[in-house]
Amino acid sequence: MNTSKQVNVMIGFLFLSFIAFGAYYAWEPSREAAATEEQMTTFAARGATLFVANCRTCHGLEGKGPEEGGVGPALNTPAFLLLDKDNAFGLPPTPVGEVTQIETFLTNTIACGRVNTFMPVWSQEHGGALQTIQIEYIVSLITQGRWDLVARIGHEHDEELGINAEEVVVKDLSALSVTTNNCGQYSSATASALRSRDPFAAPGAATPPPATTAAPTTSAPVEGAIPIQIGEFFVRNGTSAPAGEVGFAVTNEGAILHNLRVVRSDLAADALPVAGGQVDENAVDVKLRIDDIAGGETKGGQADLEGGSYVLICNIPGHYQLGMYASFTVQ
Ligand code: HEC
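Residue numbers restart at each chain and count upward from 1, following the sequence in its written direction. Local features in a predicted model are, by the rule used here, given only for residues with pLDDT of at least 70; side-chain atom pairs are given and counted only at 80 or more, and totals for whole chains, interfaces and linings are based on all residues. Neither water nor hydrogens contribute to the side-chain values; these are computed over all heavy atoms in the structure.

(A) Focus on the pattern of salt bridges. For this analysis, a salt bridge means a side-chain nitrogen from Lys or Arg found within 4 Å of a carboxyl oxygen belonging to Asp or Glu. The final tally for this structure, using the stated rule, is twelve salt bridges. Glu253 is paired through a salt bridge with Arg236; the nearest N and O atoms lie 3.4 Å apart. Here Glu253, found in the loop between β4 (244–252) and β5 (258–264), pairs with Arg236, found in strand β2 (residues 234–236); they are 17 residues apart in sequence, far enough to count as distant. Since its relative accessible area comes to 42%, Arg236 is described here as partly exposed. Linked through salt bridges whose partners overlap, the residues forming this network are Arg261, Glu281, Arg289 and Asp291. Labels follow the DSSP assignment, with helices taken as runs of H or I lasting at least four residues and strands as runs of E lasting at least two, numbered in each case from the N terminus. Relative accessibility thresholds used throughout: buried, under 20% of the residue-type maximum; exposed, over 50%; partly exposed, between the two (1.4 Å probe, protein chains only).

Here it is, written out as structure tokens:
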């Protein structure tokens, strides 16, 4: 090979390597995106495996909570969905502050459980069964909303172990115990504020109100209203009222969120039909509902009641079984 040919070959190689580099640089960002996406899916899949093994009993086979007979709330909810910059909805990504808020809320709730409820402590640091990284995987699953993975992995898991899916969700609440130790739990009021979050709302509008703004309110209890005291875990009341328009002034003397239902029933106060960890409101005659009564708060309501037997209950999952009922008579 003479010198000029050698030079030509070298120029040729140089040219080729330029093309190769160019192609590599053009390809690199999409390769990175693909790698990130793959990692996100891996995390969600690990989270799904952990969810199947530990959480389905109370939060339902696909995380839908009460809808699937679970005593725990739905975690399969848009309120916990975080949108990344290439989200399938074509929406702007969730603002960083909001991402941190939701991730912290989920991480801490799972780590510490929730005191005075059936939600157990999970962090090994506090005597639970999961490592920090495992809790991160579950949070990744929930915020990505990959419930398809939970359904698939759950199905495989049950098939392999010969488990009947219908028996996964706990029905006998007496088998559960209430979380008593406190390692910095969120109050139910903060939880319900965060749960009303809408990830699809216009930016700025999506930030859930801080729980501190949930100052005790009194929705004008009717004059002559019957005072009712509720708390962990009791309902105390004036036991009777004359027929007609009956007002209730319900004070939550406890620390966590409760509600009140006035149910017309001839059944014993502790014998109302239960489904999914709570009194089945479709199977009883509910005359009045007062929702979201935070600790320390008094809320009022009134209903036209005819003579007969009634039961006053809190119908947050598990609370009725823990003793939040009292009978009430209208003459
Ligand atoms: C023994 C039943 C039970 C098990 C098992 C359980 N939970 Fe819960 N969980 C609950 C209950 C009940 C609540 C609601 C507590 C309350 O009333 O505020 C809850 C609340 C939560 C919340 C807060 C939701 C909200 O909207 O406030 C998260 C997050 C959560 N659980 C995650 C998990 C994860 C993850 C697992 C599995 C590692 C799990 N839970 C296992 C019963 C359970």
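(B) Representation of helix α3 (residues 96–112) within the structure. For a helix, the expected span equals 1.5 Å multiplied by the residue count minus one. Here α3 spans 24 Å end to end across 17 residues, near enough to the 24 Å set by a 1.5 Å rise per residue. Turning to α3, its buried residues are Glu98, Ile102, Phe105, Leu106, Thr109, Ile110, Ala111 and Cys112. Count one or two residues on from α3 and you reach Gly113, which has phi positive near 70°.

(C) Up close: the environment of His59. Inspection of the secondary structure puts His59 in helix α2 (residues 56–59). On a C-alpha basis, the gap between His59 and Gly72 in space is 4.8 Å, while along the polypeptide they are 13 residues apart.

(D) Examining the site of the ligand more closely. The local shell around the ligand holds 26 residues, among which Cys55, Cys58, His59, Met119 and Arg195 are the closest. Definition of a polar contact: a pair of N or O atoms within 3.5 Å, with one able to donate and the other able to accept a hydrogen when the atoms are protein atoms, and with sequence-neighbouring residues admitted only if both atoms are side-chain atoms. Arg114 places a side-chain nitrogen or oxygen 2.6 Å from an oxygen atom of the ligand. Side-chain polar atom of Arg195 to an oxygen atom of the ligand: 2.3 Å apart, as the coordinates give it. Lining residues are those with an atom within 4 Å of a point, where the points come from a 1 Å grid over the protein atoms alone and group into cavities, where a 1.4 Å probe fits but cannot get out, or pockets, open sets with protein on both sides within 12 Å along at least five of seven lines. A molecule is said to be in a cavity or pocket once over half of its atoms fall within 2 Å of that pocket's grid points. If you map the ligand onto the pockets, it falls in the largest pocket. For the shell around the ligand, the secondary-structure elements that each account for two or more residues are α2, α3 and α6 (188–195). Looking at which element gives the most residues to the shell around the ligand, the answer is α3, with four residues. In this text, near means that some heavy atom of the residue lies within 4 Å of the molecule or strand in question.

(E) Looking closely at the layout of surface pockets. Grid points are joined across faces, edges and corners, and a volume is the space filled by probe spheres set on the points. Approximately 1,200 Å³ is the volume found for the largest pocket. Together, 47 residues line the largest pocket, and His59, Val71, Gly72, Pro73 and Arg114 are the ones closest to its centre. Going through the elements one at a time, α2, α3, α4 (132–144), α6, β5 and β8 (285–293) are the ones with two or more residues in the lining of the largest pocket. In this count, Pro and Cys sit with the nonpolar residues alongside Ala, Val, Leu, Ile, Met, Phe, Trp and Tyr, while Asp, Glu, Lys and Arg are called charged and the others, Gly among them, polar. Its residues placed into classes, the lining of the largest pocket shows 25 nonpolar, 14 polar and eight charged. Split by domain, the lining of the largest pocket shows at least three residues from each of two domains, domain 1 (33–213) and domain 2 (226–330). Taken as a whole, the second largest pocket holds about 860 Å³ of empty space. Note that the domain bounds were set by an automatic or database domain assignment.

(F) Highlighting the coordination of the iron atom of the ligand. At this site the iron atom of the ligand is bound by His59 (NE2) and Met119 (SD), with donor distances of 2.0 to 2.2 Å. Residue Met119 is classed as buried on the basis of its relative accessible area of 18%. Distances define the donors: N, O and S atoms within 2.8 Å of the metal qualify, as do those within 3.2 Å of Na, K or Ca. Water is excluded, so some sites may look unfinished.

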